[in-house]
Amino acid sequence: MAVKDARDLQFWGMVAVVGAALAVVAAFLADGAALVWAVASAEALLVMVHVARRFRRAGRLSVVLEAPDERPDAAHCERCRRAREVGAEVVARRDQQQARQTG
């Protein structure tokens, strides 16, 4: 996402939050407790839908970008894979040294 797009999205998110707060205040000033509950419930529902869509989209991106290895001991990223390889090399060298000492 480009920086301009992110700033634009942040701006409109701020506008939505301020609008939601003003809607609750307007409902309160209209002297309707039920109206405040209705407006707040609708806002909460919209936020939950928005968050669910973002998580779903983020989940799809990680699946598309990274094909996970099917092995149970598979590393989840390149850095961890390299660390496991180095660890395996260290263990192999240690085993060779122990074999030389006992043999």
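Analysis parameters
- Residues numbered from 1 in each chain as written.
- Predicted model: local features only at pLDDT ≥ 70, side-chain atom pairs only at ≥ 80, totals over all residues.
- Heavy atoms only, no water.
- 1 Å grid on protein atoms, 1.4 Å probe; cavity = no way out; pocket = protein on both sides within 12 Å on 5 of 7 lines; lining within 4 Å.
- Points joined across faces, edges and corners; volume = space filled by probe spheres on them.
- Helix = DSSP H or I, 4+ residues; strand = E, 2+ residues; numbered from the N terminus.
- Nonpolar A, V, L, I, M, F, W, Y, C, P; charged D, E, K, R; others polar.
- Disulfide = S-S within 2.5 Å.
- Patch = residues over 30% accessible without salt bridge, like charges linked within 9 Å, V, L, I, M, F, W, Y side chains within 5 Å.
- Areas by Shrake-Rupley, 256 points an atom, 1.4 Å probe, with all protein chains shown as cover.
- Salt bridge = Lys/Arg side-chain N within 4 Å of Asp/Glu carboxyl O.
- Lys, Arg positive; Asp, Glu negative; His and termini not counted.
- Charge placed at Lys NZ, Arg CZ, Asp CG, Glu CD.
- pLDDT = per-residue confidence, 0-100.

A few words now on the layout of surface pockets. Approximately 250 Å³ is the volume attributed to the largest pocket. Looking at the largest pocket, the residues that line it are Ala16, Val17, Ala20, Ala21, Ala42, Glu43, Leu46, Val47 and His50. Element by element, the count of residues in the lining of the largest pocket is highest for helix 2 (residues 33-65), at 5 residues. Per-class residue counts for the lining of the largest pocket are 7 nonpolar, 1 polar and 1 charged.

Okay, the state of the cysteines next. In total, this model carries 0 disulfides according to the counting rule given. With no disulfide of its own, Cys77 lies 3.5 Å from the sulfur of Cys80, the closest cysteine sulfur.

All right, on to a positive patch on the surface then. On the surface, a cluster of positive charge is contributed by Arg53, Arg54, Arg56 and Arg57. By the secondary structure assignment, Arg54 is in helix 2.

Below, the discussion takes up the confidence of the model for the chain. Confidence along the chain averages 77 in pLDDT terms, with 78% of residues attaining 70 or more. Predicted confidence in the chain is weakest over helix 2, with a mean pLDDT of 76, and strongest over helix 3 (residues 78-102), with 86.

With that settled, consider the pattern of salt bridges. Tallied over the full model, the rule gives 3 salt bridges. We note a salt bridge from Glu78 to Arg81, for which the minimum N-O separation is 2.1 Å. Taken together, the positions of Glu78 and Arg81, both in helix 3 and 3 residues apart, correspond to about one turn of that helix. Across the salt bridge formed by Arg81 and Glu85, the nearest N and O atoms sit 2.2 Å from each other.

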